[in-house]
Amino acid sequence: MRLVHTLLCTAALTAAVVMSPIAVADQQLAASMCDYVAANDRNRLRKVLSDYRLRLRNIYDGVVCNGEPLIRHAFKSNAPDVGEFIVRQLPGSQVAESGDIAWAESNGFADSPLLAALKDRAGSSD
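Residues numbered from 1 in each chain as written. Predicted model: local features only at pLDDT ≥ 70, side-chain atom pairs only at ≥ 80, totals over all residues. Heavy atoms only, no water.

Asks: Help me understand the pattern of salt bridges in this model?
Replies: Opposite charge on two side chains permits them to pair, given that their charged atoms come into close proximity. Throughout the structure, instances matching the rule amount to four salt bridges. Its salt-bridge partner being D51, residue K47 comes within 3.0 Å of it at the nearest N-O pair. Residue K47 and its partner D51 are located together in helix α2 (residues 42–51), separated by four residues, close to a single helical turn. Classification of D51 as partly exposed rests on a relative accessible area of 48%. Here K119 ties to E105 by a salt bridge, and the two come within 2.9 Å at their closest N and O atoms. Taken together, the residues span a long stretch of sequence, with K119 in helix α8 (residues 113–122) and E105 in helix α7 (residues 100–106) at a distance of 14 residues. (Salt bridge = Lys/Arg side-chain N within 4 Å of Asp/Glu carboxyl O. Helix = DSSP H or I, 4+ residues; strand = E, 2+ residues; numbered from the N terminus. Buried < 20%, exposed > 50% of the residue type's maximum accessible area, 1.4 Å probe, protein only.)

Written out as structure tokens, the structure is:
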């Protein structure tokens, strides 16, 4: 009985130690991506995605910058180059369903080239 208890404690401790660095690495990666979006640095964003072998469409929903999705962070940071890169990486259906077009229009970004790219990708370009 004591052996079973010891094995369970060891397994729990090992799992805790192994899982912690992954969460920290994910947070650091997301923070780096937010910084690259804010700096309008498309090349560094592409490089970090390539280095970690990530597809933006697979991680987009999990990356939040200052409480906002990457596209909205790009709007607020005046980062049209990175924003257009992000839009091209996402499926048109996801762009159309996100509500980012209505958000941008209601928050004073109607003249932004990024809004035109969003509308074009969503298939509702006026």
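Asks: I would appreciate a short explanation of the side chain of D100 in the present structure.
Replies: Turning to its location among the elements, D100 is positioned in helix α7. Excluding anything up to four places from it in sequence, D100 contacts Y60, I71, R72 and L118. (Contact = heavy atoms within 4.5 Å.)

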